[in-house]
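Each chain is listed here by its residues.
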Amino acid sequence: MTRRYAMLWLCAAVCITAWSQSLRLPPVYTSGMVLQRDTPLTISGEAKAGSRITLELAGGRYMTHADASGRWHVNVVPLHCGANHTLTVTDSRDTLRLTDIAAGEVWLASGQSNMEFPLHSSSDFTPPLATDSLLRVFDMRPVVRTNATRWSHTHIAEVDSMRHFLPARWAILSPDNARQFSAVAYHFARALRDSLDVPVGIIANAVGGAPIESWTDIRTLQAEYPEAAAPLQHNTVMQPWVIQRIAENVGDTHGHHRHPYEPGYLFATGIAPIAPLPLAGVIWYQGESNAHNIEAHERLFPIWLRSWRKA
């Protein structure tokens, strides 16, 4: 197929997809979620190109149209602290209805194994004695952990397909699901609930051993620090043990397979999908996987920070 016809085919495929796709919200939008209080909200999604979208939330009614690519967004007035909201989105064919939505503080807990460390592994672990209906979590767990083991062909295929994180849903933090949740994220969220007395939602997506390059938008990294964005076999910035762990997991470091540690991967799979949700802030616990090169991390940290703030 010539390049010209290939481009025509691609354009036709995009147009057909935009015309026929069903009404959708970002995956971080589910029943039971927490929306950031007292800040303007932009709620976005996808639908059939050109379709009229009606969104209702907290007594407000908003209308817009999906553009030629099927994307749409509405700007919602700030929500005050509260709970039991319902979000309804409709087009000419479908209706999405999310219930039990709260407005409060929304935070992201991310980084590497120190943040991933589960509550039940704490030396003084005591499960929560009761369920707090206004403390909610969005726990983004990996399809396979980056331990020193060879992955199965199934897991390698999932990671190659950019599906490192399993599908997640917002849930009320309970004695059962708290056990596997990040210990640092749990205690931080508990402190917010106790001190602010508002609904709290916390997203956890830490990945053990992950270097900061993997959490940074690849385009930003390529523009501001191209050596750190280079393919693994030519990367002079990435810590040697990190490259060794990649080889242990997938069997090579020559680009035949993807890996969560590669530059930009965790941004694409763990940050871009939740970027549509406004946050109060981030707690970040990472650094060991960049400890071999302090000068490089001094450059990488502000690049990472800018890429997240932009997203």
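Cut-off values and rules
Numbering of residues starts from 1 in every chain and runs along the sequence as written. Thresholds applied to this predicted model are a pLDDT of at least 70 for local features of residues and 80 or more for the giving and counting of side-chain atom pairs; totals over whole chains, interfaces and linings are not thresholded and use all residues. Hydrogens and water are ignored here; the side-chain numbers use all heavy atoms of the structure. For this document, the term salt bridge refers to a Lys or Arg side-chain nitrogen within 4 Å of an Asp or Glu carboxyl oxygen. Buried residues are those whose accessible area, probed at 1.4 Å on protein chains only, stays under 20% of the maximum for their type, while exposed residues exceed 50% and partly exposed ones sit between those limits. Helix numbering and strand numbering both begin at the N terminus, where a helix is a DSSP run of H or I of at least 4 residues and a strand a DSSP run of E of at least 2. Any pair of nitrogen or oxygen atoms within 3.5 Å is treated as a polar contact; in protein, a donor-acceptor pairing is required on top of that, and neighbouring residues in sequence qualify only through side-chain atoms on both sides. Only heavy atoms matter for contacts: two residues are in contact if any of them lie within 4.5 Å across the pair. When the centres of two rings from Phe, Tyr and Trp lie within 6.5 Å, Trp using its six-membered ring, the rings pair. Their planes under 30 degrees apart give stacked, over 60 give edge-to-face, and anything left gives tilted. Think of it as a cone above the ring: NZ of Lys or CZ of Arg counts as a charge over the ring if it is within 6 Å of the ring centre and within 35 degrees of the ring normal. Helix span, as expected, comes to 1.5 Å for every residue beyond the first. Each residue gets a pLDDT score, which is the predictor's confidence in that residue and runs from 0 to 100. A pair of strands is considered paired only if DSSP assigns at least 2 bridges between the two. The term nonpolar core refers to a set of buried residues drawn from Ala, Val, Leu, Ile, Met, Phe, Trp, Tyr and Cys, joined through side-chain atoms within 4.5 Å.

### Topic: the pattern of salt bridges
Right, so step 1: Counted under the stated rule, the structure contains 13 salt bridges.
Right, so step 2: Across the pair Arg61 and Glu56 runs a salt bridge whose closest N-O atoms are separated by 2.7 Å.
Right, so step 3: Look at Arg61 and you get exposed, because its relative accessible area is 53%.
Right, so step 4: With a shortest N-O distance of 2.9 Å, Glu248 and Arg245 are connected by a salt bridge. You can see Glu248 and its partner Arg245 sitting in helix H7 (residues 240-250), three residues apart, about one turn around the helix.
Right, so step 5: Overlapping salt bridges bring together Asp132, Arg190, Arg193 and Asp194 as one network.

### Observations regarding the side chain of Gln36
Right, so step 1: Considering the arrangement of structural elements, one finds Gln36 in strand S1 (residues 34-36).
Right, so step 2: Within the structure, Gln36 has its side chain in polar contact with the side chain of Glu105 (distance 3.3 Å).
Right, so step 3: Of the polar contacts made by the side chain of Gln36, one reaches the backbone nitrogen of Ala280; its length is 3.4 Å.
Right, so step 4: Setting aside its immediate chain neighbours within four residues, Gln36 contacts Leu41, Gly104, Glu105, Val106, Pro278, Leu279 and Ala280.

### Some points on the packing of aromatic side chains
Right, so step 1: Counted by the stated rule, this structure contains nine aromatic pairs.
Right, so step 2: Ring pairing ties together the aromatic residues Trp215, Trp284, Phe301, Trp304 and Trp308, which thus form one cluster.
Right, so step 3: Against the face of Tyr225 rests Arg299, its NZ or CZ located 3.7 Å from the ring centre.

### Looking at the environment of Ala268
Right, so step 1: Mapped onto the elements of the fold, Ala268 is located in helix H8 (residues 265-271).
Right, so step 2: Taking relative accessible area as the criterion, Ala268 reaches 37% and is therefore assigned partly exposed.
Right, so step 3: Each C-alpha atom, one on Ala268 and one on Ile218, is 8.4 Å from the other, the two residues being 50 residues apart in sequence.
Right, so step 4: What Ala268 contacts, discounting residues up to four positions off in sequence, is Met162 and Pro273.

### Focus: helix H4 (residues 183-196)
Right, so step 1: Along its 14 residues, H4 runs 20 Å from first to last C-alpha, staying within 8% of the 20 Å computed at 1.5 Å per residue.
Right, so step 2: What H4 keeps buried is the set Ala183, Ala185, Tyr186, Ala189, Leu192 and Arg193.
Right, so step 3: Packing partners of the buried residues in H4 comprise strand S7 (95-111), helix H2 (113-116), strand S8 (135-139), strand S10 (200-204) and strand S11 (281-285).
Right, so step 4: The N-cap of H4, judged by a side-chain oxygen 3.0 Å from the amide nitrogen of Ala185 a few residues on, is Ser182.
Right, so step 5: Once H4 finishes, Asp197 follows within two positions and takes phi at roughly 55°, a positive value.

### Here's the deal with the side chain of Asn205
Right, so step 1: Relative to the helices and strands, Asn205 is located in the loop between S10 and helix H5 (218-224).
Right, so step 2: With a relative accessible area of 0%, Asn205 lands in the buried category.
Right, so step 3: At 3.0 Å, the side chain of Asn205 and the backbone oxygen of Gly270 are in polar contact.
Right, so step 4: If we skip the residues at most four places from it in the chain, Asn205 touches Leu108, Ala109, Ser110, Met140, Phe165, Trp215, Gly270, Ile271 and Ile274.

### Observations regarding the confidence of the model for the protein
Right, so step 1: Confidence along the protein averages 91 in pLDDT terms, with 93% of residues attaining 70 or more.
Right, so step 2: Residue range residues 1-19 is modelled with pLDDT below 50. Its contacts to residues more than four positions away, or to other chains, number nine contacts.

### Section: the pairing of strand S4 (residues 60-65)
Right, so step 1: In S4, alternate side chains face the same way, and those of Gly60, Tyr62 and Thr64 are buried while those of Arg61, Met63 and His65 on the opposite face are not.
Right, so step 2: In the sheet, strand S3 (residues 52-57) pairs with S4 via six bridges, with the strands oriented antiparallel. What sits directly across from Glu56, in S4, is Arg61.
Right, so step 3: Where S3 folds back on S4, the antiparallel hairpin that results is connected by two residues, among which Ala58 adopts a positive phi of roughly 50°.

### A look at the nonpolar core
Right, so step 1: Tyr29, Leu55, Trp72, Leu87 and Trp215 are the most contacted members of the largest nonpolar core, which totals 66 residues.
Right, so step 2: Ranked by the residues each element gives to this core, the list is headed by S7, at six residues.
Right, so step 3: Ala109, Val137, Ala185 and Leu192 belong to the second largest nonpolar core, which has 19 residues in total.

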